Amino acid sequence: MTGGDLRVRKTTITLADGRALMYFGALPERPADYPDRRQLATLHAQSQARWDQLLGEWVIIASHRQNRTFQPAVGQCPLCPSSPDSLTEIPAADYEVVVFENRFPNLGAPGIDSDGREQPNGARRQLAATAASSSPSSTGQDTVLASRPAAGRCEVVCFSPHHAASFADLSPDQAATVMAAWVDRSEELARQPGVEQVYCFENRGDEIGVTLSHPHGQIYAYPYVTPHTDRMVHSCASYRRRTGRNLFDDILAAEHKDSSRIVLQGSHWTAFVPYAARWPYEVHLYPRRRVPSLAALTDAARAEFCELYLDLLRRLDRLFDSPAPYISAWHQAPVRRGGDDFALHLELFTIRRAPGKLKYLAGSESGMGAFANDVVPEEAARRLRQLG
Ligand SMILES: [Zn+2]
């Protein structure tokens, strides 16, 4: 396996429409025995990134996604292993962890194939002209209506072959196989031309808008630095100029010193509710030794992460009356710029604030980007500690 954990086997195959699929772990023993028998037309993503001049952000326009699979009947799940009755996205009859290119990606542009190779019409040149910067203005393209091909890649990560499972049901060893897949994909996607940021995440629960209930996450390789990461990079640079210190290091030190918002501590990681939490129950998981990316974690840190993360997910599920709808987001340093002060960390939050009650992004949050949180962060941390 490339550059990652040598103890986890990776086997790459090609699906019927040319997309790549990678098995991670010991299964299947002989992938050649499980060819993709479906007849699939090759789909071409037509995504465009349009520049919002007022907010200084790219917005992805992906019209082809309106036709994607939405809540299929049980037995028709495209993420279950294939069986004689049902040919799914995963040709094998069993698997541990699988990653494949999304058939309905948000990112992907005509003229650039999924490996970042230029096709004959030359869209690669257009991409290269804007890839080095986050905004179009520094490339001379400063009209009010600026756009570019939204090249990049979207992958799906199946955490388990079991349809009704969740990440929280995995054993630490199974979670370690997922971690190995995240590391492998982060490294490989970061090497692709034009990729500026790699984002591994999970949306869990109908309430979040998940279209497939099979336990899975996603990986986006963006052709630009995302707005959140861009703001963090600028905050770190500004803090460095003012103090000569690293902002992430000082946040973690401040949380340790205060201790009222710490939920869990290990030898390698600390989990805490952030001081200015936006969500009712929000936990940030920081490695004690700052690293920029998943690939830079030591084996010991990766192993301990799996234990602590599973513990946190199970606490979230015990908070209320039913499994928690959550978003789990890995923040990694940008691939090409601004990564020196950036600290890898995971941000995990549920949108449930009380039994049967969700926090919606309403007028203040959606209209103004101004969050208001009804749950005091110190109280959220106290509850999450008690659920151990
Ligand atoms: Zn399934």
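Residues numbered from 1 in each chain as written. Predicted model: local features only at pLDDT ≥ 70, side-chain atom pairs only at ≥ 80, totals over all residues. Heavy atoms only, no water.

**Some words on the sheet that holds strand 8 (residues 197-204)**
Line of reasoning, step 1. Strand order across the open sheet formed by eleven strands is 1-2-5-7-9-8-13-14-12-11-10, with antiparallel pairing between neighbours. At either end of the open sheet lies a strand with only one pairing partner, and these are strand 1 (10-14) and strand 10 (262-265). Sheet twist, expressed as the average angle between the axes of neighbouring strands with direction ignored, equals 20 degrees.
Line of reasoning, step 2. With four bridges joining them, strand 5 (residues 97-101) and strand 7 (residues 153-158) adopt antiparallel strand pairing. By the bridge assignment, Phe-100 is partnered in strand 7 with Val-156. (Pairing = 2+ DSSP bridges. Helix = DSSP H or I, 4+ residues; strand = E, 2+ residues; numbered from the N terminus. Axes fitted to C-alpha atoms, helices over the stretch in contact; angles between N-to-C directions.)

**Focus: the sheet that holds strand 6 (residues 147-149)**
Line of reasoning, step 1. Spatial strand order, 4-3-6: three strands in an open sheet with antiparallel pairing. The open sheet has two free edges, formed respectively by strand 4 (57-61) and strand 6, since each of these has just one partner strand. Strand-to-strand, the axes of this sheet are offset by a mean angle of 30 degrees, without reference to chain direction.
Line of reasoning, step 2. Of the pairings in the sheet, the one linking strand 3 (residues 48-52) to strand 6 comprises three bridges and is antiparallel in character. Counterpart to Ala-49 in the pairing with strand 6 is Arg-148.

**Observations regarding helix 4 (residues 247-258)**
Line of reasoning, step 1. Here helix 4 contains twelve residues, and its C-alpha end-to-end distance of 16 Å stays within 8% of the 16 Å for a straight helix at 1.5 Å per residue.
Line of reasoning, step 2. Every buried residue belonging to helix 4 is among Phe-248, Asp-250, Leu-252 and Glu-255, and all of these are buried.
Line of reasoning, step 3. By the N-cap criterion, in which a side-chain oxygen at the helix start approaches the backbone nitrogen of a residue two or three places on, helix 4 is capped by Asn-246, the distance to Phe-248 being 2.9 Å.
Line of reasoning, step 4. Immediately beyond the C-terminal end of helix 4, within one or two residues, lies Ser-259, with a positive phi of roughly 70 degrees. (Expected span 1.5 Å × (residues − 1). Buried < 20%, exposed > 50% of the residue type's maximum accessible area, 1.4 Å probe, protein only. Polar contact = N/O pair within 3.5 Å; in protein donor to acceptor, adjacent residues only side chain to side chain.)

**Side note on the side chain of Lys-359**
Line of reasoning, step 1. Looking at the element boundaries, Lys-359 is found in the loop between strand 16 (357-358) and helix 6 (363-368).
Line of reasoning, step 2. At 2.8 Å, the side chain of Lys-359 and the side chain of Glu-365 are in polar contact.
Line of reasoning, step 3. Reaching out from Lys-359, the side chain makes a polar contact with the backbone oxygen of Ala-372 at a distance of 2.7 Å.
Line of reasoning, step 4. Residues within four places of Lys-359 in sequence aside, it is in contact with Arg-278, Trp-279, Pro-280, Ile-351, Arg-353, Glu-365, Phe-371 and Ala-372. (Contact = heavy atoms within 4.5 Å.)

**Notes on the coordination of the zinc ion**
Line of reasoning, step 1. Around the zinc ion, the protein contributes the donor atoms Cys-77 (SG), Cys-80 (SG), His-163 (ND1) and His-214 (ND1), at 2.1 to 2.4 Å from the metal centre.
Line of reasoning, step 2. Classification of the site at the zinc ion as tetrahedral follows from its four donor atoms and the range of 100 to 119 degrees in their angles at the metal.
Line of reasoning, step 3. Expressed as a motif, the donor residue spacing for the zinc ion is C-x2-C-x82-H-x50-H. Residue Cys-80 is located in the loop between strand 4 and strand 5, and its partner His-163 is located in the loop between strand 7 and helix 2 (172-190); the two are separated by 83 residues in the primary sequence. (Donors = N, O, S within 2.8 Å, 3.2 Å for Na, K, Ca; no water. Tetrahedral: all angles 85-135°; square planar, octahedral: opposite > 155°, others 65-115°.)

**Overview of unusual backbone geometry**
Line of reasoning, step 1. Here Ser-259, not a glycine, exhibits a phi torsion of approximately 70 degrees, which is positive.
Line of reasoning, step 2. Note that Ser-259 resides in the loop between helix 4 and strand 10.

**Looking at the environment of Tyr-309**
Line of reasoning, step 1. Within the fold, Tyr-309 resides in helix 5 (residues 299-319).
Line of reasoning, step 2. Expressed as a C-alpha distance, the spacing of Tyr-309 and Ala-168, which sit 141 residues apart in the sequence, is 8.4 Å.
Line of reasoning, step 3. Each residue touching Tyr-309, except ones within four places of it in the same chain, is listed here: Phe-167, Glu-202, Tyr-326, Ser-328, Leu-346 and Leu-348.
Line of reasoning, step 4. Within the structure, the side chain of Tyr-309 is placed 2.7 Å from the side chain of Ser-328, a separation counted as a polar contact.

The values are spatial; any link to function lies outside them.
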